[in-house]
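# Architecture at a glance
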Amino acid sequence: MTHPAEIAFVAIDEITLADVSGSVAVFTLADGTLSAGAEMADKLTGGAVSRIAGAKGYKTGNVVKLPAPGGMAADAVYVAALGAEADEATARKTGAALGKAVGKGAVTIVGAGDAAAQAEIAFGYVLRTYNFDVYKTSDKDEGEDTTENDVTFASDKAEAVAALSAPMAALAEGIYFTRDLVNEPANVLTTEDFAARLAAMGELGLEVDILGEAEMRELGMDALLAVGMASDDECKLVVMKWNGGGDEAPPPLPAAASVKSRPPWPLSEC
């Protein structure tokens, strides 16, 4: 299974930006205003970050790479335009754009904005760096460092950002798991393997029931079984239930939601 990068959240005063190796990411705010991290990088690079922020066409969501920056040990500095008081969607998109630009390797992100925006930046970054390469051969030599994503997030609100990011990390795990299921080839993700992977979610507290063809026939699922006749693999139907609320009543649906907007209950595959 592919796992999201684990992010180390640290206070901004715990790092010395000039000595950070790998990549460094900083942000600009409204009208090219530099964040605290961007100001630090700007002083170290002799004003290079300011020139990027003032460049024509540089706008919210843009990420510009400054390779081999003078005055810094980093291989590159990435300057991302966060904009003014970025909402959650903008912050997440900016984090995703940053993840696309940086790709693999160690990176130190110097956050900007309020704690919620910084958590969204981290979330967007993690989601964008998903890479399904299970079946790709590696061209790295044996013993060579194969770390793909070593992420440090420096912030003036490190504890608050870390707290907000905790549930997002769990959500990212679920998203990665789902993406893996989509990307697995059918000759690997057979019905048997599909059911086994979902059965493992019982460890998280879900109640998982797996029905085979005999049980499905008893329930009259003939249409689904008819489709499955085209496969050598036995049909499976997985029903997952979450009773995490105990005896408490479930929370009401948002006003804009309806029963029709809910996904179908069973996950099945033939």
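Up top is the structure these notes are about.
Residues numbered from 1 in each chain as written. Predicted model: local features only at pLDDT ≥ 70, side-chain atom pairs only at ≥ 80, totals over all residues. Heavy atoms only, no water.

A count of helices and strands for the protein chain gives eight helices and nine strands. The buried share of the protein chain, reckoned over its 270 residues, is 36%. The long-range fraction of contacts in the protein chain, counting pairs at least 24 apart against all pairs at least 6 apart in sequence, stands at 70%. Surface exposure of the protein chain reaches about 15600 Å², of which carbon and sulfur atoms provide 54%. (Helix = DSSP H or I, 4+ residues; strand = E, 2+ residues; numbered from the N terminus. Buried < 20%, exposed > 50% of the residue type's maximum accessible area, 1.4 Å probe, protein only. Contact = heavy atoms within 4.5 Å. Areas by Shrake-Rupley, 256 points an atom, 1.4 Å probe, with all protein chains shown as cover.)

Moving on to the sheet that holds strand 4 (residues 76-81). Strands sit in the order 1-6-5-2-4-3 across an open sheet of six strands; the sheet is mixed. The sheet terminates laterally at strand 1 (7-11) and strand 3 (63-67), the two strands that pair on one side only. Across this sheet, the average inter-strand angle for adjacent strands is 20°, counted without regard to direction. (Pairing = 2+ DSSP bridges. Axes fitted to C-alpha atoms, helices over the stretch in contact; angles between N-to-C directions.)

Our next topic: the packing of aromatic side chains. Per the stated rule, a full pass over the model turns up three aromatic pairs. For the pair phenylalanine 9 and phenylalanine 153, a centre-to-centre distance of 5.7 Å together with 45° between the ring planes defines the contact as tilted. Taken as a pair, phenylalanine 9 in strand 1 and phenylalanine 153 in strand 6 (residues 149-155) lie far apart in primary sequence, 144 residues in all. When its relative accessible area of 25% is taken as the criterion, phenylalanine 9 is described as partly exposed. Look at phenylalanine 153 and you get buried, because its relative accessible area is 0%. With centroids separated by 6.1 Å and ring planes inclined at 65°, the aromatic side chains of phenylalanine 132 and tyrosine 135 adopt a geometry described as edge-to-face. Relative accessible area serves as the criterion here: at 17%, phenylalanine 132 is assigned to the buried category. (Phe/Tyr/Trp six-rings, centres within 6.5 Å; stacked < 30°, edge-to-face > 60°.)

To continue, consider the pattern of salt bridges. Using the criterion set out here, one finds six salt bridges in the structure. With its nearest N and O atoms 2.8 Å apart, the salt bridge here joins glutamate 120 to arginine 92. Of this pair, glutamate 120 sits in helix 4 (residues 115-128) while arginine 92 sits in helix 3 (residues 88-102), and the two are 28 residues apart along the sequence. Close ionic contact of aspartate 156 with lysine 157 constitutes a salt bridge, the shortest N to O distance being 3.3 Å. Residue class for aspartate 156 comes out exposed when judged on its relative accessible area of 57%. For lysine 157, a relative accessible area of 31% translates into the label partly exposed. (Salt bridge = Lys/Arg side-chain N within 4 Å of Asp/Glu carboxyl O.)

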